[in-house]
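Residues per chain, in single letters:
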Amino acid sequence: MKYISTRGEAPELTFEEVLLTGLARDGGLYLPETWPTFSSDEIAEMQGMRYQDIAFKVMSPFVCPEIPEDDFKGLIEKAYSTFRHDAVVPLGQVDNNEWILELFHGPTLAFKDVALQLLGHLFNYVLTKRGEKITIVGATSGDTGSAAIDCVRGRDSANIFMLHPKGRVSDVQRRQMTTVIEGNVHNIAIEGDFDNCQALVKALFNDLEFRDQINLSAVNSINWARVMAQIVYYFTSAIALGAPDKKVSFSVPTGNFGDVYAGYIAKQMGLPIEQLVVATNVNDILSRTINGGEYKVGETIPTISPSMDIQVSSNFERLLFNIYDGDGAAIRNLMENLKQSGQFNIGEAQLEKAKESFVAMRVSEDETKKAIADVFENGGHLIDPHTAVGVKAARENWADKKTPMVTLSTAHPAKFPDAVKEVTGIHPELPAHMADLFDREEKFDVLSNDLEQLKKYILENL
Ligand SMILES: *Cc1c(COP(=O)(O)O)cnc(C)c1O
């Protein structure tokens, strides 16, 4: 498979190159040149298969034979052996035809593990083969950091430096990062806020000499392999609920648009998806855009679903490329408008196309809490606030109650215990393997918000 940039001015790359590159040199995001497709018969053959085997079927057209089939199978097996459920991502039922897809059984209890566990093994495989070693630097406001750390901990091929704003991430989130003691993991608490952390990371990437010196890399959400790994669970869950003979709908709590975009790809690949509901919290740039055509960046508002407190939704550029029929010049134009004025407008015909695939809704904080309460009262399920945003949007937008509706459950309730306890009165317990999280020793260093000091720290710790 060849990969092309959404902005049309970067070289075509192979899968391995795209994996290691992340952002394209023209500022765009990489996408496969074509979508592989599956016939109804081919989808029917996946019925009853293990998650790992469906994962291989769905992803191998993007990856193989560049990575030999048997090697790729091995990486998939290793990646999902860390999940604490045999089904990897089991379905739970909350009502008639209403389901929750539990994506949080990975090592850090968030759906990002599904993609990052595989990404870690892919990185390690490719780097070891090439005899290379990378330095990953990232900034986190909580969730992504622990999933990124867990995907490379203990690997010889990578060092990871994760910056978090000192005193501004929750105790569970900080401890999930700082209690990882492998030597290649370096946690840094920056005296500043999340924006300061992000600015430091950006400055490192813009320092080309330093960047080359340490072979700097990122595992951020624009990496194609992350999107690819997320396509799989749309297939496994739809097939479990009757596809290809039956259509299935999905509601997806959305921030950077990676997760719901993976659902869009699954549909392009032949999976019979009826609706894709884009569920946002009050940081609603995506629901405003899909409903009104104007993509306009606003102020970020802190919510009880913090992993979706986002104003610039990077993966949305991939959808733009698709609805503009692969016109790189049009995408460059939109992105230039965004840079100049903080907004752009989607053409009428293109917006119509987006609306054929997506419905979108903004969910308020009160509605989010109400959804946690409703689901708990009707069946005793505890759901986290991100999942609750999805459930509310699913219930409001469900076109045909005969079509199963699956809300993606993106985090374990114990990751966001305060909101869950406030609404239900129950403090959600961490799973057994993490029950001692608060007894484990923490390891991190504190640095001031200073680029030179950070560079020195990185060089000293490599
Ligand atoms: C990252 C995240 C999301 C948003 O996913 P995107 O792919 O950025 O849309 C939703 N919920 C949780 C818990 C997350 O960590």
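Here the structure is a predicted model, which means the values were calculated and not measured. (Residues numbered from 1 in each chain as written. Predicted model: local features only at pLDDT ≥ 70, side-chain atom pairs only at ≥ 80, totals over all residues. Heavy atoms only, no water.)

A. Molecular detail of the pattern of salt bridges. Counted by the stated rule, this structure contains 22 salt bridges. Note that Asp374 and Lys370 form a salt bridge whose closest N and O atoms lie 3.2 Å from each other. Residue Asp374 and its partner Lys370 are both found in helix H16 (residues 365-377); the two are separated by four residues, about one turn of the helix. Judged by relative accessible area, Asp374 falls into the partly exposed class, the value being 25%. (Salt bridge = Lys/Arg side-chain N within 4 Å of Asp/Glu carboxyl O. Helix = DSSP H or I, 4+ residues; strand = E, 2+ residues; numbered from the N terminus. Buried < 20%, exposed > 50% of the residue type's maximum accessible area, 1.4 Å probe, protein only.)

B. Summary view of the side chain of Ser237. Along the chain, Ser237 turns up in helix H10 (residues 224-240). Here Ser237 falls in the buried class, since its relative accessible area comes to 2%. In contact with Ser237, other than residues within four places in its own chain, are Leu91, Leu101 and Phe250. (Contact = heavy atoms within 4.5 Å.)

C. Spatial organisation of the sheet that holds strand E6 (residues 158-165). Within the open sheet, the five strands sit side by side as E8-E5-E6-E7-E15. Their pairing is parallel. Each edge of the open sheet carries a strand with a single partner, namely strand E8 (216-217) and strand E15 (445-448). As paired strands, strand E5 (residues 134-139) and E8 are joined by two bridges and run parallel to one another. Within E8, the position partnered with Thr135 by the bridge is Leu216. Along the sheet, helix H7 (residues 171-178) contacts E6 and strand E7 (185-191); its crossing angle with E6, the most-contacted strand, is approximately 160°. Those strands touched by helix H8 (residues 194-206) are E5, E6, E7 and E8, and its axis lies near 150° from that of E5. (Pairing = 2+ DSSP bridges. Axes fitted to C-alpha atoms, helices over the stretch in contact; angles between N-to-C directions.)

D. Region of interest: the pairing of E6. Across the eight residues of E6, eight count as buried, placing the element largely inside the fold. Both faces of E6 are covered, namely the face carrying Ala158, Ile160, Met162 and His164 and the face carrying Asn159, Phe161, Leu163 and Pro165. Sheet topology note: the E5/E6 ladder contains six bridges and is parallel. Considered in E6, the bridge of Ile134 is made with Ala158. Taking the sense of rotation as the criterion, the β-α-β connection linking E5, helix H6 (residues 143-152) and E6 turns out right-handed. The pairing of E6 with E7 spans six bridges and is parallel. When the bridges of E7 are listed, Ile160 appears paired with Val185. Note on the crossover from E6 through H7 to E7: the handedness is right-handed. (Right-handed = clockwise from strand over helix to strand, strands pointing away.)

E. Fine view of the packing of aromatic side chains. Counting across every chain of the model gives 17 aromatic pairs. On the numbers, 6.3 Å between centres and 55° between planes, the contact of Tyr3 with Phe15 is tilted. Taken as a pair, Tyr3 in strand E1 (residues 3-5) and Phe15 in helix H1 (residues 15-21) lie far apart in primary sequence, 12 residues in all. Comparing Tyr3 with Phe15, the two get one shared label, buried. Note on Tyr264 and Phe358: the rings are 5.6 Å apart at their centroids and 20° apart in plane angle, and the pair reads as stacked. One end of the pair, Tyr264, is in helix H11 (residues 258-268); the other, Phe358, is in strand E13 (residues 358-362), with 94 residues separating them in the sequence. For the pair Tyr264 and Phe358, a shared accessibility class is recorded, and that class is buried. Grouped by ring-pair contacts, the aromatic residues Phe257, Tyr261, Tyr264, Tyr295, Phe316, Phe344 and Phe358 constitute a single cluster. Cation over ring: Lys73 sits above Phe56, and NZ or CZ is 4.8 Å from the ring centre. Sitting above the plane of the Phe210 ring, Lys455 keeps its charged end 5.5 Å from the centroid. (Phe/Tyr/Trp six-rings, centres within 6.5 Å; stacked < 30°, edge-to-face > 60°. Lys NZ or Arg CZ within 6 Å of the ring centre and 35° of its normal.)

F. Highlighting unusual backbone geometry. Here the amide bond leading from Cys64 into Pro65 is cis, since omega sits at 5°, within 30 degrees of zero. By secondary structure assignment, the location of Pro65 is in the loop between helix H3 (51-63) and helix H4 (69-80). A cis amide bond links Ala243 to the next residue, Pro244, at an omega of 10°. Residue position: Pro244 is located in the loop between H10 and strand E9 (248-253). In this structure, Val88 takes a positive phi of about 65° despite not being glycine.

G. Looking closely at the site of the ligand. Inspection of the region around the ligand gives 15 residues, with Lys112, Asp143, Gly255, Asn256 and Thr410 positioned closest. Taking Asp259, its main chain carries an N or O atom lying 3.0 Å from an oxygen atom of the ligand. For the ligand, whose free accessible area comes to 390 Å², the fraction covered by protein is 96%. Class assignment for the residues of the shell around the ligand results in five nonpolar, seven polar and three charged. (Near = heavy atom within 4 Å. Polar contact = N/O pair within 3.5 Å; in protein donor to acceptor, adjacent residues only side chain to side chain. Areas by Shrake-Rupley, 256 points an atom, 1.4 Å probe, with all protein chains shown as cover. Nonpolar A, V, L, I, M, F, W, Y, C, P; charged D, E, K, R; others polar.)

H. Broad picture of helix H12 (residues 285-292). Among the residues making up H12, those that are buried are Ile285, Leu286, Ser287, Thr289 and Ile290. Of the surrounding elements, those touching the buried residues of H12 are strand E10 (273-280), strand E11 (294-296), helix H13 (316-323), helix H15 (348-357) and E13. One or two steps after H12, the chain reaches Gly293, where phi turns positive at roughly 85°.

I. Geometry of the sheet that holds E13. Ordered in space as E3-E4-E14-E9-E10-E13, the six strands form an open sheet in which the pairing is mixed. The outermost strands of the open sheet, each flanked by one partner alone, are strand E3 (91-95) and E13. Each strand of the sheet is rotated relative to its neighbour by a mean of 25°, with strand direction disregarded. Summarising the sheet, strand E4 (residues 98-102) and strand E14 (residues 405-409) pair through five bridges and their orientation is parallel. For Glu102, the partnering residue across the bridge sits in E14 and is Ser409. Relative to the sheet, H10 contacts E3, E4, E9, E10 and E14, its axis offset from that of E9 by approximately 140°.

J. Spotlight on the side chain of Asn283. Examined against the element boundaries, Asn283 turns out to sit in the loop between E10 and H12. Within the local environment of Asn283, its side chain forms a polar contact with the backbone nitrogen of Ile301, the two atoms lying 2.8 Å apart. A distance of 3.0 Å separates polar atoms of two side chains, one belonging to Asn283 and the other to Asp309. Not counting chain neighbours up to four residues away, the residues in contact with Asn283 comprise Glu299, Thr300, Ile301, Thr303, Met308, Asp309, Ile310 and Gln311.

Interpretation note: all reported values are geometric properties and have no functional meaning in isolation.
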